[in-house]
Amino acid sequence: MIELHELTKRYGDKTAVDGLSFQVPQGVVTGFLGPNGAGKSTTMRMILDLDRPSSGRVTLDGRRYGQLAEPLKYIGALLEAKAVHPGRTARDHLLWLAQSNRIPTRRVDEVLALVGLTDVARKRARGFSLGMGQRLGIASALLGDPEILMFDEPVNGLDPEGILWIRNLMKRLAGEGRTVFVSSHLMSEMALTADHLVVIGKGRLLADLSMADFIEQNSRSAVRLRTPQPELLLDVLAAQPLTVEAGPGGSYEVVDGDPAKLGDLAAANGITLHELSPQRASLEEAFMQMTADSVEYHAGAQVVAGTDAAGAAGTWGAGWQPPAGGRKKRAKQQKGAN
Ligand SMILES: Nc1ncnc2c1ncn2[C@@H]1O[C@H](COP(=O)(O)OP(=O)(O)OP(=O)(O)O)[C@@H](O)[C@H]1O
């Protein structure tokens, strides 16, 4: 288990990690999520004692990293895939790591086979593709057969086959009872891999919950209705045991509504509908909304929840409950966008 207690890191005026406390349990994959610059890598570096906390502390199964005599046997990490001397072969890179932690040479060949690099074991790292570099980094992490594994954005730049391989590997390692902590800025990726989630924004803890709870809380659906007879529609809906919310652009959204029944209801009451569309918030959107106030780097325009990739209004399900002030802010943003 990894435990963080009020962990803080300041770089001059900049607080990269701000009083973080959480635990990473064993036997599950824990996803560590946050937008760019949230403080994920800084946190991971402090876990490995590569950065000194300004305050607070980290323990690994109750001990500090500095107390571990042969740390690769307790914790293995992939932080930077290209952190390998380019003139060294894959096997030599693993050999010196193994020797520094009194790990037998046969383990080097084992991990090379495990990550599928046996054929290129004697090739120099400078010729490695990104995917091969990631595999070599993972081989280094697995070298000491550690109970704790940590991966920083392991699928970055990988092809679909490589992504699938890493996903399955992480699940297998957790299934063996190990602690697996993996960072990403993509909720969609984590939804396929992680059992537990820790979300941070601007160095602060935003959420610490199971993936199942996140999905349960964020994947409620709604049906959007748009009509030139809004008053009549509202009267008809009010007579039903339904939850109705205001949607974008003068539409209404019926939480957990059934599109067929709502269409029939409108027809039976002579209401013309210009839109009848099921809405479902994707997990990626829920994550974006959760971290919207913490996003430091925007691509030109502000992040506007409720618009899809093409900029069309309203891919949100109305059932989604935003953090305090979130819906108000969204309504304002949409008003501004209309
Ligand atoms: N050595 C440093 N000196 C000054 N500022 C730093 C340093 N390292 C990180 N930062 C700042 O701390 C903040 C957190 O950075 P960090 O790399 O930990 O975020 P991240 O969540 O890993 O982001 P990304 O997803 O982009 O990798 C950023 O604003 C970054 O600019």
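Residues numbered from 1 in each chain as written. Predicted model: local features only at pLDDT ≥ 70, side-chain atom pairs only at ≥ 80, totals over all residues.

## Considerations on the nonpolar core
Quick note on the threshold: Throughout this description, the term nonpolar core refers to a group of buried Ala, Val, Leu, Ile, Met, Phe, Trp, Tyr and Cys residues whose C-beta atoms join them within 7 Å. Remark: C-beta atoms are placed from the backbone, and a residue is labelled buried if 20 or more other C-beta atoms sit within 10 Å of its own, exposed if 12 or fewer do, or partly exposed between those counts. For every residue pair, C-beta atoms are placed from the backbone, and the pair is scored as a contact if these atoms sit within 7 Å.
Core analysis: the largest hydrophobic core is formed by 64 residues, its most contacted members being Ala 139 and Met 150. If we ignore the near neighbours within four places in the chain, the residues touching Ala 139 are Leu 94, Val 111, Leu 112, Leu 114, Val 115 and Leu 117.

## Describing the sheet that holds strand 4 (residues 55-60)
Let me state the cut-off plainly: Strands pair, by our definition, only if DSSP identifies at least two bridges between them. Runs of H or I in DSSP of at least four residues are treated as helices and runs of E of at least two as strands, each being numbered from the N terminus. Axis geometry follows a simple rule: fit a line to the C-alpha atoms, using only the stretch in contact for helices, then measure angles between N-to-C directions, giving values from 0 to 180 degrees.
With antiparallel pairing, three strands are arranged side by side in an open sheet as 2-1-4. If you trace the sheet from one side to the other, it starts and ends with strand 2 (14-24) and strand 4, each paired once. Each neighbouring strand pair of the sheet contributes to a mean axis angle of 20°, computed without reference to strand direction. As defined by bridge partners, strand 1 (residues 2-11) adjoins strand 2 across seven bridges and the pair is classed as antiparallel. Note that in strand 2 the partner of Leu 7 across the bridge is Leu 20. Contacting strand 1, strand 2 and strand 4, helix 1 (residues 40-47) runs over the sheet at an angle of about 115° to strand 1.

## Digging into unusual backbone geometry
One non-glycine residue, Glu 6, lies in positive phi territory at about 50°. Mapped onto the elements, Glu 6 comes out in strand 1. According to the C-beta neighbour criterion, Glu 6 is exposed, with 12 such atoms within 10 Å. Unusually for a residue other than glycine, Asp 49 sits at a positive phi of about 65°. Residue position: Asp 49 is located in the loop between helix 1 and strand 4. What makes Asp 49 partly exposed here is the crowd of 16 C-beta atoms within 10 Å.

## Structural notes on the confidence of the model for the chain
Counted only if it meets this: pLDDT is defined as a per-residue confidence score from the predictor, taking values between 0 and 100.
Looking at the chain as a whole, its pLDDT mean stands at 83, while 86% of the residues score no less than 70. Across the chain, the secondary-structure element scoring lowest on mean pLDDT is helix 11 (residues 326-337), at 36, and the one scoring highest is helix 9 (residues 259-268), at 97. In this model, residues 300-338 is a region of pLDDT below 50 whose contacts with residues beyond four sequence positions or in other chains number 61 contacts. Interface confidence for the predicted complex, expressed as ipTM, amounts to 0.95; the pTM equals 0.75.

## Focus: the sheet that holds strand 13 (residues 275-280)
With antiparallel pairing, four strands are arranged side by side in an open sheet as 11-12-10-13. For this open sheet the edge positions go to strand 11 (244-246) and strand 13, each flanked by a neighbour on one side alone. Adjacent strand axes in the sheet meet at a mean angle of 30° when their direction is disregarded. With three bridges joining them, strand 11 and strand 12 (residues 252-255) adopt antiparallel strand pairing. Counterpart to Val 244 in the pairing with strand 12 is Val 254. Here helix 9 sits on the sheet and contacts strand 10 (221-226), strand 12 and strand 13; the angle it forms with strand 13, its principal contact strand, is near 155°.

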